[in-house]
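Chain residues, written in single-letter form:
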Amino acid sequence: MKNKKIAWILVAVLLFSTFETYASQTGDKLKEAGKKLNELEQKQKEAQEQVGALKEQENSLKGELFELNRQLSEVSASINDLEQQIQAKQAELTQTQEELNQAKETKEKQYESMKLRIKYIYENGDADFAAALFGSSSMTELLNKAEYIEEVNRYDRRMLDEYEKVCKQVKKHKKNLKKEKESLLAMQESMEQKEAQVNGLITKTQGSIQAKQGEISDAQETVSGYEAQIAKMKAYEEELERKKAEEARKKAAEQKRIAAEQKKAAEQKKADGQNKTDGGGSGGAGPSQTSGGGAVASNASDLAMLAALVECEAGGESYEGQLAVASVVVNRVKSGSFPNTVSGVIYQGGQFTPVASGRFAMVLAKGAGASCKQAAGAALAGNTNVSFLFFCRASSGVEGTIIGNHVFY
């Protein structure tokens, strides 16, 4: 009987050593996967920030392009307006030239008429003048004829002066029109230069926008690449979690089987009249459960750690799911099969993926949410809602009690 007991112990040690080795290997893989996942998420975040920065630069360039197009529109409108003014000024110059030509022609005609009259008077001398005077029938007629002749002379002089004045005015107006046209042409040339400059800036800005859009496309492809890697890594992590859960389930089942065998052996000894027991496990809850009930010794640091772990594992779950995760930790503290402190249970190697990956540390640094703190506080006070010692993703295929996205066993 003693040899049989030793054999059972050796078998148990061997089995547990094997399970511990597998658990350790899976835990190491989980830790490595968690770190890799954190690195990918950080790179993805940096790539997304780069995309955001590039989009801001693109928007800034588009704003510059909008402003340049507005300027180009104004410049083009100014050029069209100047063109119309130049055309109008040219038409005015043409009309003024016609007026000047007409004034010169009228002046020449008046001058020729005056010359003919002067010539006539000069060639005929005083004879015609005397004949005109002496041929008058009365003094009144004589005076009228003399006055008429004088009036004709004054008219000729006045008209000649008037036409001369008109010619000068028209010439001056023409000169002013030419200056105005030259000024408009200079303004037009300046506007055309500005138009060319703005067009150059628009072309350059459009090129910059296209280049920036290429950078954004490349950055978005990088983000997509990280997303694909993260999805793949999460699937790998989930598979490791499933394996870890399966290993834990097998270990718990083996513990339960050995405990049953030990109990059977003890009962057999008792039936044979032996009064001593071998210290094997007694009935009640199997090794995957705890009898539960009662608070555990804890402080503010324990509460913060437990709340952080709850947020990492079940932050998006219902309060019931969050309390169940906290209950598992408390159950382990009280079970005797795990460390007897909250921090010891949480930091035990290969147990909680967020601790291995570093996410737990980040949440602990910033503080958990209110519902996670409430669930952690309730569990520490003894208000647990499950008596299990393990949990994993519900999609792992492990049998147990499903709450939200997790199965507890």
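In this text, all values refer to a predicted model and were calculated from it rather than measured experimentally.

Participant: Is there a simple way to think about the packing of helix α3 (residues 300–314) against helix α8 (residues 370–380) in this case?
Facilitator: In a packed pair of helices, the relevant descriptors are the angle between the two axes and the axis-to-axis distance. Where α3 meets α8, the axes come as close as 8 Å, and the angle between the chain directions of the two elements is 125°. With respect to α8, the element α3 is oriented oblique. Here α3 and α8 pass one another in a crossing that is right-handed. Facing α3, whose interface residues are Asp-302, Leu-303, Leu-306, Ala-307, Val-310 and Glu-311, α8 presents Cys-372, Lys-373, Ala-376, Gly-377 and Leu-380.

Participant: Just to check I follow, could you spell out the environment of Glu-221 for this structure?
Facilitator: Position of Glu-221 relative to the elements: it lies in helix α2 (residues 139–271). Among the residues examined, Glu-221 registers a relative accessible area of 54% and is labelled exposed. With 170 residues separating them in the primary sequence, Glu-221 and Val-51 have C-alpha atoms 10.0 Å apart.

Participant: I'm lost on the state of the cysteines in this one. Help?
Facilitator: Put plainly, a disulfide is one covalent bond tying together the sulfur atoms of two cysteines. Evaluated as defined, the whole model comprises zero disulfides. Unpaired in terms of disulfides, Cys-312 finds its nearest cysteine sulfur in Cys-372, a separation of 8.9 Å. In this structure Cys-312 comes out as partly exposed when scored by relative accessible area, which is 23%. On the basis of relative accessibility, which here comes to 2%, the residue Cys-372 falls in the buried class.

Participant: Where do I start with the pattern of salt bridges in this structure?
Facilitator: Side chains bearing opposite charge may pair, as long as their charged atoms lie close to each other. A complete count under the given rule lists five salt bridges for this structure. We note a salt bridge from Lys-366 to Glu-311, for which the minimum N-O separation is 3.2 Å. With Lys-366 in helix α7 (residues 359–366) and Glu-311 in helix α3, the pair connects residues that are 55 residues apart, well separated along the chain. One connected set of salt bridges, linked through shared partners, spans Glu-67, Arg-70 and Glu-74.

Participant: Just checking my understanding: could you explain the sheet that holds strand β2 (residues 401–403) for this structure?
Facilitator: The strands that make up a sheet pair up through hydrogen bonds in the backbone, lying either parallel or antiparallel. Reading across from one edge, β1-β3-β2 is the order of the three strands in this open sheet, with antiparallel pairing throughout. Each edge of the sheet is formed by a strand with only one pairing partner; in this case those strands are β1 (391–393) and β2. Between one strand axis and the next, the sheet turns through 30° on average, direction left out of account.

Participant: What is the right way to look at α3 in this model?
Facilitator: Given 3.6 residues per helical turn, the α-helix brings residues three or four places apart onto the same face. With 15 residues, α3 ought to run about 21 Å at 1.5 Å a step, and its terminal C-alpha atoms sit 21 Å apart, in line with that. Among the residues of α3, Asp-302, Met-305, Leu-306, Ala-307, Ala-308, Leu-309, Val-310, Glu-311, Glu-313 and Ala-314 are the ones counted as buried. Capping the start of α3, Asn-299 holds a side-chain oxygen 3.0 Å from the backbone nitrogen of Ser-301, two or three residues further along.

Participant: What should I look at first to understand the confidence of the model for the protein chain in this one?
Facilitator: One rule of thumb: low pLDDT means the predicted coordinates there are not for detailed reading. Taken as a whole, the protein chain shows an average pLDDT of 79; of its residues, 76% reach a score of 70 or greater. Of all helices and strands in the protein chain, the one with the weakest mean pLDDT is helix α1 (residues 2–134) (73), whereas α8 scores best (96). Taken as a whole, residues 276–287 scores under 50 in pLDDT and shows 14 contacts with residues more than four places along the chain or in a different chain.

Participant: Quick question: what am I supposed to make of the environment of Pro-354 here?
Facilitator: Its place among the elements puts Pro-354 in helix α6 (residues 353–357). Once the C-alpha coordinates of Pro-354 and Lys-35 are considered, the two residues, 319 residues apart in sequence, prove to be 9.5 Å apart. Those residues in contact with Pro-354 that lie beyond four places of it in its chain are Cys-312, Glu-313, Arg-359 and Phe-360.

Definitions and limits used
- Residues numbered from 1 in each chain as written.
- Predicted model: local features only at pLDDT ≥ 70, side-chain atom pairs only at ≥ 80, totals over all residues.
- Heavy atoms only, no water.
- Axes fitted to C-alpha atoms, helices over the stretch in contact; angles between N-to-C directions.
- Helix = DSSP H or I, 4+ residues; strand = E, 2+ residues; numbered from the N terminus.
- Parallel < 35°, antiparallel > 145°, perpendicular 65-115°, else oblique.
- Left-handed = near helix turned anticlockwise from the far one by under 90°.
- Contact = heavy atoms within 4.5 Å.
- Buried < 20%, exposed > 50% of the residue type's maximum accessible area, 1.4 Å probe, protein only.
- Disulfide = S-S within 2.5 Å.
- Salt bridge = Lys/Arg side-chain N within 4 Å of Asp/Glu carboxyl O.
- Pairing = 2+ DSSP bridges.
- Expected span 1.5 Å × (residues − 1).
- Polar contact = N/O pair within 3.5 Å; in protein donor to acceptor, adjacent residues only side chain to side chain.
- pLDDT = per-residue confidence, 0-100.

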